[in-house]
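Observations on the three-dimensional arrangement
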Amino acid sequence: MASVSAAAVSGRGAGNLLQFLRLVGQLKRVPRTGWVYRNVERPESVSDHMYRMAVMALVTKDKHLNKDRCVHLALVHDMAECIVGDIAPADNIPKEEKHRREEEAMKQLTQLLPEDLRKELYELWEEYETQSSAEAKFVKQLDQCEMILQASEYEDLENRPGRLQDFYDSTAGKFSHPEIVQLVSELEAERNASIAAAPREPSS
């Protein structure tokens, strides 16, 4: 009987894990709201954004950071959006309410996992939300750096240099990590050169 009982428990665990993976899979189909509001054609998904953030964390040279933790934070930080969607500043939802909705979603999501994993994922999300570690602060800067890199790529794809300037304005003064400052500086130099080289539109 014991083995049957263990198998039943194992089966429930597999069922819950499958449900968890299906929910997380929704992130492939949740478009990043900021791009939708700016009428970007074929906007990236939340999982697209988190994937490149995780790669950015993976290639950091900063020996003072726990690289594995940075990758984990990047993969978890927007996970709640598979349930609540991508709430953007333009939605005018107070930060406290956004946090409450995402906290509930993370509890619902992690409830499908074994206790140790439930605790690990929820604490990673909370660490990012509260910015309580050097790793969380670094990943927050990765989040904003990835966003303006994506904005630059959309401008290039549309051949409309400078169109998404407000995304750059929203990150002004928010970068302090030396690697990210260097990356942003290079990105802005390339982008400014593209803007300068673009033909002027005739004034009306």
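Described below are features of the structure shown in this document. (Residues numbered from 1 in each chain as written. Predicted model: local features only at pLDDT ≥ 70, side-chain atom pairs only at ≥ 80, totals over all residues. Heavy atoms only, no water.)

What follows is about helix H10 (residues 178-197). Given a rise of 1.5 Å per residue, 20 residues ought to cover 28 Å, and the 29 Å separating the end C-alpha atoms of H10 matches this to within 8%. Turning to H10, its buried residues are Ile180, Val184, Leu187 and Arg191. Take H10 and look down its axis: the buried residues cluster within an arc of 65°, on one side only. Away from its buried face, by an angle of more than 90 degrees, H10 presents the exposed residues Pro178, Gln182, Ala196 and Ala197. (Helix = DSSP H or I, 4+ residues; strand = E, 2+ residues; numbered from the N terminus. Expected span 1.5 Å × (residues − 1). Buried < 20%, exposed > 50% of the residue type's maximum accessible area, 1.4 Å probe, protein only. Arc of directions from axis to C-beta.)

On to the pattern of salt bridges, then. Scanning the model with the defined rule gives 12 salt bridges in all. The closest approach of N and O atoms between Glu41 and Arg42, which form a salt bridge, is 3.1 Å. When sorted by exposure, Glu41 lands in the same class as Arg42, which is exposed. The residue Glu155 makes a salt bridge to Arg191 at a minimum N-O spacing of 2.8 Å. Note that Glu155 is positioned in helix H8 (residues 134-158) and Arg191 in helix H10, a separation of 36 residues in sequence. For the residue pair Glu155 and Arg191, the accessibility class agrees, reading buried in each case. Taken together, the shared-partner salt bridges in this structure form one network comprising Arg52, Glu146 and Glu153. (Salt bridge = Lys/Arg side-chain N within 4 Å of Asp/Glu carboxyl O.)

The subject of this paragraph is the layout of surface pockets. By volume, the largest pocket amounts to about 1,200 Å³. For the lining of the largest pocket, the elements supplying multiple residues, two or more each, are helix H2 (33-37), helix H6 (95-110), helix H7 (115-130), H8 and helix H9 (165-171). Of the residues in the lining of the largest pocket, the class split is 10 nonpolar, 8 polar and 13 charged. (1 Å grid on protein atoms, 1.4 Å probe; cavity = no way out; pocket = protein on both sides within 12 Å on 5 of 7 lines; lining within 4 Å. Points joined across faces, edges and corners; volume = space filled by probe spheres on them. Nonpolar A, V, L, I, M, F, W, Y, C, P; charged D, E, K, R; others polar.)

So, on to the packing of helix H3 (residues 46-58) against helix H4 (residues 67-76). Remark: H3 packs on H4, axes separated minimally by 8 Å, with the N-to-C direction vectors making an angle of 170°. In terms of orientation, H3 lies roughly antiparallel with respect to H4. Residues Met50, Met53, Ala54, Ala57 and Leu58 of H3 touch H4, and the partners they reach there are Lys67, Cys70, Val71, Ala74 and Leu75. Split into classes, the residues belonging to the contact of H3 with H4 amount to 9 nonpolar, no polar and 1 charged. (Axes fitted to C-alpha atoms, helices over the stretch in contact; angles between N-to-C directions. Parallel < 35°, antiparallel > 145°, perpendicular 65-115°, else oblique. Contact = heavy atoms within 4.5 Å.)

Read these as spatial facts, not as claims about activity.
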